[in-house]
Amino acid sequence: MIAAGAIASPNIWNSPQVYELENRAADPDARIERAMREIRPWDGAVVLDVGCGTGFHLPAFARTAARVVGVEPHAGLAGLARRRVAEVTNVAVRVGAAQALPVPDKSVDVVHARWAYFFGPGCEPGLAELGRVVRRGGAAFVIDNDATRSTFGTWFRRWLPSYDPDAVERFWSRHGFSRTPLDIRWRFDDRAHLEAVLKIEFPAELAEEFLGEVEGCEVDYAVNLWWRQY
């Protein structure tokens, strides 16, 4: 089952086990989490993780949040997320799409969407839903690639030369979001894991090129943390 209106994710939908390796490798220094906490902590709050996938980030939020809701349009992935948090009493996972979030009006304090649905122009229906569900004093966080810098950003532009980061920034600004640029990294256990992840993120030929351009198991990676307070 796929929720109505869902936009397919070619990486995690097709290769959830490999995407798990990517989640484990991404931002080992927790710079994204620290930046979010400086803007709007979630201790004692209700957190909504949009596009939660297999639920990788749900346990971390649950450690200090009052309640966490993960929403995922792919029922199979949502089932894996439920298994991950089966013994975490303050987490619920629901099947749904960003354009029709299965939560009540003004019921959420913090929204988190990491490489999921909110990629700039075209995500207006999801933004309208955030406006519906976030309480006054709450905040929404969207994490996406910064294609203007870093090794990964260079790869991203080579793969998608039509991508216009200036247009994306104008989009978020028009919708009241601010940008916090962050330098993170991928850190894999071995080269085989790095290779596997590159092959779900890029076409095979490009993935081979990119693998040959780095040594070891780390890749510098820049992201934008887009955020808005309500």
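Residues numbered from 1 in each chain as written. Predicted model: local features only at pLDDT ≥ 70, side-chain atom pairs only at ≥ 80, totals over all residues. Heavy atoms only, no water.

Draft legend 1. Expanded view of the side chain of Asn-145. With respect to the helices, strands and loops of the structure, Asn-145 is situated in strand β5 (residues 134-145). Side chain to side chain, Asn-145 and Trp-115 meet in a polar contact 2.9 Å long. Polar contacts involving the side chain of Asn-145 include one to the side chain of Tyr-221, which spans 2.6 Å. (Helix = DSSP H or I, 4+ residues; strand = E, 2+ residues; numbered from the N terminus. Polar contact = N/O pair within 3.5 Å; in protein donor to acceptor, adjacent residues only side chain to side chain.)

Draft legend 2. Spotlight on the sheet that holds strand β6 (residues 178-187). Pairing in this open sheet of 7 strands is mixed, and the strands run β3-β2-β1-β4-β5-β7-β6 from one edge to the other. Taken across any chain shown, the strands that pair with only one partner, and hence form the sheet edges, are β3 (91-95) and β6. Looking at each pair of strands side by side, their axes are set apart by 20° on average, direction ignored. (Pairing = 2+ DSSP bridges. Axes fitted to C-alpha atoms, helices over the stretch in contact; angles between N-to-C directions.)

Draft legend 3. The environment of Trp-13, seen in detail. Tracing the chain through its elements places Trp-13 in the segment before α1 (16-25). Overall, Trp-13 belongs to the buried group, its relative accessible area being 19%. The spacing of Trp-13 and Gly-122 is 109 residues in sequence and 20 Å in space, taken between C-alpha atoms. Not counting chain neighbours up to four residues away, the residues in contact with Trp-13 comprise Ile-2, Ala-6, Ile-7, Ala-8, Glu-72, Pro-73, His-74 and Leu-77. (Buried < 20%, exposed > 50% of the residue type's maximum accessible area, 1.4 Å probe, protein only. Contact = heavy atoms within 4.5 Å.)

Draft legend 4. Quick look at the nonpolar core. In terms of nonpolar packing, the biggest core is built from 78 residues, with Leu-48, Phe-118, Trp-155, Trp-172, Trp-186, Leu-198 and Leu-225 touching the most fellow members. What Trp-186 contacts, discounting residues up to four positions off in sequence, is Glu-22, Ala-25, Ala-26, Phe-152, Trp-155, Leu-194, Val-197, Leu-198, Cys-217, Glu-218, Val-219 and Tyr-221. (Core = buried A, V, L, I, M, F, W, Y, C linked by side-chain atoms within 4.5 Å.)

Draft legend 5. Looking closely at the pairing of β5. Burial of β5 is extensive: 9 of the 12 residues sit out of reach of the surface. Here strand β4 (residues 108-114) runs beside β5; their pairing, made up of 6 bridges, is parallel. Directly across from Arg-114, in β5, lies its bridge partner Ile-143. Note on the crossover from β4 through helix α5 (residues 124-133) to β5: the handedness is right-handed. When β5 meets strand β7 (residues 218-229), the two strands line up antiparallel, connected through 7 bridges. Within β7, the residue paired with Ala-140 across the bridge is Arg-228. (Right-handed = clockwise from strand over helix to strand, strands pointing away.)

Draft legend 6. Summary view of the packing of aromatic side chains. Evaluation of the coordinates by the stated rule reveals 17 aromatic pairs. Between Phe-171 and Trp-172 the ring centres are 5.2 Å apart and the planes differ by 80°, which places this aromatic pair in the edge-to-face class. Note on Phe-171: relative accessible area 1%, which makes it buried. Judged by its relative accessible area of 0%, Trp-172 is buried. An aromatic cluster is defined as three or more aromatic residues linked by ring pairs; in this entry it consists of Trp-115, Phe-152, Trp-155, Phe-156, Trp-159, Tyr-163, Trp-186, Phe-188, Phe-202, Phe-210 and Tyr-221. (Phe/Tyr/Trp six-rings, centres within 6.5 Å; stacked < 30°, edge-to-face > 60°.)

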